[in-house]
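Per-entry structural report
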Amino acid sequence: MPGKKILVVEDEPSIAETLVHVLNEQGFEAIRVATILEAREALKINVFSAIVLDVGLPDGNGFDFCKELRKTNETPVLFLTARSDEVDKIVGLEIGADDYVTKPFSPREVSARLKAIIKRVQEPIPVNQDIHFKVDEEKKRITYKGKLVETRPIEYEILKLLVKRPGRVFSREEIIEFCWPDEPNMDSNRTVDTHIKTIRKNIGAIDPNTDPKSILKTSSKVGFYLSE
Ligand code: CA
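Here we summarise the structure given alongside this text. Model, not experiment: these values are computed from the prediction.

1. Quick look at the coordination of the calcium ion
Here the calcium ion is held by the protein donor atoms D11 (OD), D54 (OD) and G56 (O), which lie 2.2 to 2.3 Å from it. Here the donor residues of the calcium ion are spaced in sequence according to D-x42-D-x1-G. Taken together, the residues span a long stretch of sequence, with D11 in the loop between strand 1 (5-9) and helix 1 (13-25) and D54 in strand 3 (residues 50-54) at a distance of 43 residues. Here D11 falls in the partly exposed class, since its relative accessible area comes to 28%.

2. Here's the deal with unusual backbone geometry
For the bond running from K103 to P104, omega is -5°, close enough to zero to count as cis. Following the sequence through the fold, P104 ends up in the loop between strand 7 (99-102) and helix 5 (107-122). Look at K145: it is not a glycine, yet its phi comes out positive at around 50°. The topology assignment puts K145 in the loop between strand 9 (141-144) and strand 10 (147-148). What makes K145 partly exposed here is its relative accessible area of 39%.

3. Some details on the sheet that holds strand 3
With parallel pairing, the 5 strands of this open sheet are ordered in space as 2-1-3-6-7. Both outer strands of the open sheet, strand 2 (29-33) and strand 7, are each paired with one neighbouring strand and no more. In this sheet, adjacent strand axes meet at a mean angle of 20° when their direction is disregarded. Along the sheet, helix 1 contacts strand 1, strand 2, strand 3 and strand 6 (77-81); its crossing angle with strand 2, the most-contacted strand, is approximately 165°. Its contacts with the sheet put helix 3 (residues 62-70) on strand 3 and strand 6, and the angle it makes with strand 6 is roughly 175°.

4. Re the nonpolar core
One broad trend across soluble globular proteins is that nonpolar side chains are buried collectively. One finds F133, I158, L159, I175, W180, I203 and L226 to be the most contacted residues of the largest nonpolar core, which totals 26 residues. For this core, the elements supplying multiple residues, two or more each, are strand 8 (133-136), strand 9, helix 7 (153-164), helix 8 (172-179), helix 9 (188-206) and strand 13 (223-226). Looking at which element gives the most residues to this core, the answer is helix 7, with 7 residues. Membership of the second largest hydrophobic core comes to 20 residues, among which are L7, A39, C66 and I90.

5. A few points about the packing of aromatic side chains
One pass over the full model with this rule turns up 2 aromatic pairs. Plain terms: the ring middles of F63 and F79 are 5.2 Å apart, the flat faces sit at 55° to each other, and that makes the pair tilted. Taken as a pair, F63 in helix 3 and F79 in strand 6 lie far apart in primary sequence, 16 residues in all. Pairing F133 with Y144 gives two aromatic rings, centres 4.7 Å apart and planes at 40°, and the pair type is tilted. With F133 in strand 8 and Y144 in strand 9, this pair connects stretches of sequence that are 11 residues apart.

6. A closer look at the environment of H195
In this structure, H195 sits in helix 9. Judged by its relative accessible area of 11%, H195 falls in the buried class. Measuring from C-alpha to C-alpha, the distance between H195 and E155 comes to 6.2 Å, with 40 residues separating the pair along the chain. When neighbours within four sequence positions are excluded, H195 is seen to be in contact with R152, I154, E155, I158 and W180.

7. Some words on the pairing of strand 3
Of all 5 residues in strand 3, 5 are buried; the element is thus mostly enclosed. The alternating pattern of strand 3 places A50, V52 and D54 and I51 and L53 on opposite faces, both of which are buried. By the bridge criterion, 4 bridges tie strand 1 to strand 3 in an arrangement that is parallel. Bridging from a neighbouring strand, V8 pairs with V52 of strand 3.

8. Concerning the pairing of strand 9
Every other side chain in a regular strand lies on the same face of the sheet, so the side chains alternate between the two faces. The pairing of strand 8 with strand 9 spans 4 bridges and is antiparallel. Bridge assignment links F133 to a residue of strand 9, and that residue is Y144. Remark: 4 residues form the turn of the hairpin made by strand 8 and strand 9, two consecutive strands paired antiparallel; K140 in that turn has positive phi of roughly 55°. Both strand 9 and strand 10 contribute to a ladder of 2 bridges, which runs antiparallel. When the sheet's bridge partners are listed, T143 is paired in strand 10 with L148.

Analysis parameters
Each residue is numbered by its place in its chain's sequence as written, counting from 1. Per-residue local features are limited, in this predicted model, to residues with pLDDT of at least 70; the limit for side-chain atom pairs, both in listing and counting, is 80 or more; totals at the level of whole chains, interfaces and linings are taken over all residues. Side-chain measures were taken over the full set of non-hydrogen atoms in the model, leaving aside hydrogen atoms and water. Think of the donor list as every N, O and S atom within 2.8 Å of the metal, or within 3.2 Å for Na, K and Ca; water never makes the list, so a site can look incomplete. Here a strand is any run of E in DSSP of at least two residues, a helix any run of H or I of at least four, and the numbering for each starts at the N terminus. Exposure categories follow from relative accessible area, calculated using a 1.4 Å probe and restricted to protein chains: below 20% of the type maximum is buried, above 50% is exposed, and the middle band is partly exposed. Here the rule is simple: two strands pair whenever DSSP picks up at least two bridges between them. Only the stretch in contact is used when fitting a helix axis, every axis being a line fitted to C-alpha atoms; angles between N-to-C directions are given from 0 to 180 degrees. Whether two residues are in contact is decided by their heavy atoms, any of which lying within 4.5 Å being enough. Working definition of a nonpolar core: buried Ala, Val, Leu, Ile, Met, Phe, Trp, Tyr and Cys residues. They are joined through side-chain atoms within 4.5 Å. The pairing test for Phe, Tyr and Trp rings, Trp by its six-membered ring, is centres within 6.5 Å, and the orientation test on the planes gives stacked under 30 degrees, edge-to-face over 60, and tilted for anything in between.

Structural measurements only, silent on function.
Now the structure itself:
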């Protein structure tokens, strides 16, 4: 993955140096910092494709930093852990980690995991859609061309589903299954159609020059999809 910037936050010089060396050899551009303070600074001036984060750092712990980061930043995080109770925390708590490796690890394994994470993060939203629609999962809101699309909670879920997979047609049944699985017996066709109509109206309200039906398309008799 040439040119992908990776932030390595690790205070142990021998581990950090080996890791940075191997990542650079693999085509990444790895930058190393040794403290949370330095990591914050690096994140202010760079956009990283992923962060490799040690748990025990001189000025704090990686878990708290990851939680802090997640309030404003969705860069994938791969933890370096030394103990199994740390793994329990990563898996059990919702701190926003994407993956982890346990020490001692092979730097090549870290590189492979990073490639997998970056690929996973990049796949769901093609670049062109990302410019128009942006999903803020924490605040449960979606913007179109930088402006908020008015949505009720259920409409947010529907639009998010479509935005994440442009071009994929979702049947009314699938939309219900994904967006409100607890009520499978409702009058699906009419309910979904009503919500789609509202979403279209609210997208149209943002930009009068676009036809919302050309963005949120109907696939005749099958369902709905977002144009690619
Ligand atoms: Ca450490």
